[in-house]
Amino acid sequence: MNRLWVVVACAVVSACQCVPVPPVDDGGVAGGGSAATGGGASATGGGSATGGGSATGGGSTTGGGSATGGGGVSMPEFSIEPNSGALNVTEGQTAQVQVKLTAQPSATVTATVATGPLMGVISVDATTLTFTPSNWDVAQLVTVSAANDDDLAPGSATVTLSAPNLVDAVVTVTIADDDTQALVLSPPGANLQVNEGATATINVSLAFAPATSTTLTIVSADPNVASVSTAALVFTPADYATPQPVVVTAASDADTANGTTSVNVTGVASRTITIDVVDDDALNIDMTTTLTMTESGGAFVPVRLTAQPASSVTIAFVSSDETSLFVDTPMLTFTTGNWNVAQNLFLSGVADDDVVSENATVTASATGLMPRMVQVALTDTDVAALSGVPVALNVNEGASTPIALRLTHRPTSPVTVTLVPADAARLQLVPSMLTFTTANALTPQNVAVNALHDDDTGTEQLTITTTLGSTNADTVVNVIDDDTQALVVMPTTVTVAEEGTANIPVRLAFRPFGNVLVSANSLDSSKVVVNTGFLTFTSANFSTPQNIQIAGTADANLTAETATVRIQANGLPDVDVTANVTDNDTQAVATTVTTATVNEGATTSIGVSLAFQPSTSVTVSVSSNNPRASLMNSSFSFTSANWNVPQSLVVSFPIDLSRVSGTSTLLLSAPGATSASVGVTLVDRTSAFGFPSVSGSSALLGNGAVFAFPITLTTSGEQLIGYGAVSSGSTGQLQFALYSDSANAPANLIAGSALGSPMALAMGTSETGVSNTAVPAGTYWLVFRGALNANLVSSTTAPTVRRCVRNTSITDINTPWPATFGTSTCANAAPLAAYALTWR
């Protein structure tokens, strides 16, 4: 049998006491040893019921398994303080229990803390306690809290500690109630006014549930003045809070004096209510005592006298607060004739600037009469609304317009007004939140409505939503756009090369509302042309430049020029771009041909001009690298007027004795210009008839000897132009003549060389010209005579030819040739190198 002692912690130590826990039979320890102090295994000292460990033989103090002498082990128990096993706690407060073990456990012990029997009556701050072999003897605190209730009865509960293999410990908790019963009356005042012969009701209930049914006694101190409808009221724990009526009836009497008594309510609590009975027999003011009206409304209060006066009675009415309640009828007069006819007292509520309902009293007084009061409850119907929110507002883009906002009435606590623009990128509100208090509610606060710049040109309608509580107000803001759509062309001056291109970037200044077509045209297409057609700008690409391509027009001058390119769009101002055209031309001399052929004795004409119009006069000079090409003009002058009109360059090939064709390059040049050249082929038309190429020995002509050789001209149109000879020396002179043929001998003189200027021989070939003489096709005789040891080359290898020698010499070299050759001696002989030159 084990005994558990519960120790309860108390506020007053002297009040604590130790209470034994009833013994618990542990049934003995198997094997004979008791867990007690040394007895047997059974409660009485013997062994088990079957004889396992009797006091004598099994587990006795001396020989068994007791804590001290046997082989048994002492089991721990709960040790609790306060050790009385009882705990007192007041409703709504706490108390503590200290718990530990009485002996060291061999392993950790987890104790469960539980409350009962009703949940919620008490609670503990710990539901488990853990004891180890190390802390088993260290007290652990459990705080017990008692809950408040709505009754007056004390309560009780238990706290049970349990753990495996340990005996449960139970703490009884007694809960002291802290409530005091009271009466609840309605109306709550200590006075009640009742008109004589009328009734008034007092509603009665209890503040707390009684433990059992409770009876309240209702007694009127003077039933002759006022009686009550019931003498007792019964309340149970179930209906204690339900009001029960007590009807007070004011008795009618024969006097005119007001009466007073009291109603006493006694029982679990007591209250005394004073009853003022207004006598209806006396001369008094008859009017209602309470009135409810709206703050800005009006009301009629019927007023009359309770009895006929001896003379006229004037009643004055005064408001206790004219700022809340105004008396429109400051006085009423009753006579002996109308004393019982109700007259209306008109009252007006005075509107104020707040939202608070108010009370005021109207006092009615007359000389010799008891004053009467009307308690007036003024219900405030005002709402602290927002004032100053415009329905519509015009704001110029980039400008600011203020809105002045205030409240219509003073709020009871601060209120916040928020303003939210529908498009924060277009409207900026500064500030966007306002706070109004009772002090500043009626003072306007400014909100700046700033219209921000945009990238379009349209007037827009945007909304500002102003919110106060659950009330929203919208303001339509017309943002008047200050932008004007325009073409943006940068730069407005461009440079373009002749036959080159350049771009003109174009965009719109602002976002359009529809597609915009942009075109460009040149005001002088002879200088600049536009290669780009229409450009299309939309609301998406309006700010992205698009290029208009222009091209410089090739011209025939060398002058840098300027043209205007006009860029246009429907409804927008034109933009003119200056295009400076740089000329890419280089002045050059131009000819109509680059090659020409000139026959000997003829001319050819070559046209000469300039490639481009000059700004000043230009002189073209002509030179030839071959003097056989004769130039009629060696220079030409061109102006800006005739630069492209060819002027004739006449090239001639004069007849000469040379029998060789040739070439000539004509160079045409001018300062700062590219030169031109013309290749001229010179076609020689001179032929030699006779023996121009004989080579061999030398034959010395005798002075005055005249020789003749036949030559044949096979073509018509020949003209004799000269003579020639080949000499092996450099001395001597020759004269030549041409005679016709007759019977294979010289006949008549056709042409002779000029007298006075014989041809002097030189080593090699010598030639001399004569006046042109036409010689038709046929046979002629070349005749020559020499002087001063003239010798000619003769052939030693060529076939012989017919040679005639004049029988009479002409001794003087300058003697004229005879008209006829005369007699001669003809024979075949080696030819001498002499010849006639003809041109055809």
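Residues numbered from 1 in each chain as written. Predicted model: local features only at pLDDT ≥ 70, side-chain atom pairs only at ≥ 80, totals over all residues. Heavy atoms only, no water.

**So, the confidence of the model for the chain**
Interpretation of the predicted coordinates at a detailed level should be avoided for regions scoring low in pLDDT. In plain terms, the rule: Every residue is assigned a pLDDT by the predictor, reflecting its confidence on a scale from 0 to 100. Contacts are assigned to residue pairs with any non-hydrogen atoms lying within 4.5 Å of each other.
Looking at the chain as a whole, its pLDDT mean stands at 85, while 90% of the residues score no less than 70. Contacts of residues 1–72 to residues separated by more than four positions or lying in other chains number 139 contacts, the stretch itself having pLDDT below 50.

**Thoughts on the pairing of strand β66 (residues 791–795)**
The cut-off we apply is this: Exposure classes here rest on a 1.4 Å probe applied to the protein chains alone. A residue is buried below 20% of its type maximum, exposed above 50%, and partly exposed in between. Starting at the N terminus, helices and strands are each numbered in turn, a helix being any DSSP run of H or I of at least four residues and a strand any DSSP run of E of at least two. A pair of strands is considered paired only if DSSP assigns at least 2 bridges between the two.
Of all the five residues making up β66, five are buried; the element is thus mostly covered by neighbouring parts of the structure. Judged by which residues are buried, β66 turns out to be covered on both faces: N791, V793 and S795 on one side and L792 and S794 on the other are all buried. Sheet topology note: the strand β58 (residues 696–700)/β66 ladder contains five bridges and is antiparallel. Of the residues in β66, the one forming a bridge with S697 is S794.

**Side note on unusual backbone geometry**
That bond from E81 to P82 is cis: its omega, 5 degrees, falls within 30 degrees of zero. Among the secondary structure elements, P82 is positioned in strand β3 (residues 78–83). Unusually for a residue other than glycine, N165 sits at a positive phi of about 70 degrees. The exposure class of N165 is exposed, given its relative accessible area of 72%. Although it is not a glycine, A743 adopts a positive phi angle of roughly 55 degrees. Within the element layout of this structure, A743 appears in the loop between β61 (733–741) and β62 (746–752).

**So, the sheet that holds strand β23 (residues 298–305)**
Through backbone hydrogen bonds, the strands of a sheet pair up, either in parallel or in antiparallel fashion. Taken in spatial order, the four strands of this open sheet run β21-β23-β27-β25, and their pairing is antiparallel. Looking along the sheet, the strands with just one partner apiece sit at the ends: β21 (285–286) and β25 (325–327).

**Observations regarding the nonpolar core**
When a protein is soluble and globular, its nonpolar side chains tend to lie buried together. Test applied: What we call a nonpolar core is a set of buried Ala, Val, Leu, Ile, Met, Phe, Trp, Tyr and Cys residues that are connected through their side-chain atoms within 4.5 Å.
Formed by 32 residues in total, the largest nonpolar core has its most connected members in L720, Y723, L734, F736, F784 and L792. Among the secondary structure elements, those contributing two or more residues to this core are β59 (706–713), β60 (718–727), β61, β64 (764–775), β65 (778–787), β66 and β69 (834–839). Within the second largest apolar cluster, 29 residues are counted, among which are I80, A111, L161 and A163.

**A closer look at the pattern of salt bridges**
For clarity, the cut-off: The salt bridge criterion pairs a side-chain nitrogen of Lys or Arg with a carboxyl oxygen of Asp or Glu, the two atoms within 4 Å.
Enumeration according to the criterion identifies twelve salt bridges in this entry. A salt bridge links K527 to D524; its shortest N-O distance comes to 3.5 Å. Relative accessible area serves as the criterion here: at 21%, K527 is assigned to the partly exposed category. Beyond isolated ion pairs, a larger network of salt bridges with shared partners links E397, R426, D454 and E460.

**Re the state of the cysteines**
Two cysteines form a disulfide when their sulfur atoms are joined by a covalent bond. As a reminder, the rule being used: Cysteine sulfurs are considered disulfide-paired once they come within 2.5 Å of each other.
A full pass over the atoms with the stated rule returns one disulfide. Here C804 is linked by a disulfide to C826, with a sulfur-sulfur distance of 1.8 Å. Its S-S torsion of approximately 110 degrees makes the covalent link between C804 and C826 right-handed. Pair noted here: C804 is in strand β67 (residues 801–806) and C826 is in strand β68 (residues 824–829), with a separation of 22 residues, a long-range link. For C804, a relative accessible area of 0% puts it in the buried group.

**Here's the deal with the sheet that holds strand β15 (residues 214–220)**
Our working definition: The convention used is that axes are lines fitted to C-alpha atoms, helices contributing only their stretch in contact, and that angles between N-to-C directions extend from 0 to 180 degrees.
Strand order in the open sheet formed by five strands is β13-β20-β19-β15-β17, with mixed pairing between adjacent strands. Every other strand in the sheet has two partners, leaving β13 (191–195) and β17 (232–235) as the edge strands with one partner each. Across the sheet, the axes of successive neighbouring strands diverge by a mean angle of 20 degrees, strand direction being ignored. As judged from the five bridges shared by β13 and strand β20 (residues 271–278), these two strands associate in the parallel manner. Residue pairing across strands places N195 opposite V278, the latter belonging to β20.

**So, the packing of aromatic side chains**
Keep this limit in mind: For this analysis, a ring pair means two rings from Phe, Tyr or Trp (six-membered ring only for Trp) whose centres lie within 6.5 Å, classed as stacked if their planes differ by under 30 degrees, edge-to-face if by over 60, and tilted for the remaining angles. We count a charge as sitting over a ring when the NZ of a lysine or the CZ of an arginine lies within 6 Å of the ring centre and within 35 degrees of the ring normal.
All told, the structure shown has eight aromatic pairs when counted by the stated rule. Aromatic side chains F707 and F784 sit 6.0 Å apart centroid to centroid with 25 degrees between the ring planes, which places their arrangement in the stacked category. On the criterion of sequence distance, the pair formed by F707 in strand β59 and F784 in strand β65 is long-range, its members being 77 residues apart. A single burial state applies to F707 and to F784, both of which are buried. Ring geometry for F709 and F784: centres 5.9 Å apart, planes at 15 degrees, overall stacked. Note that F709 is positioned in strand β59 and F784 in strand β65, a separation of 75 residues in sequence. The ring of W817 is capped by R785, whose NZ or CZ atom sits 4.4 Å from the centre of that ring.

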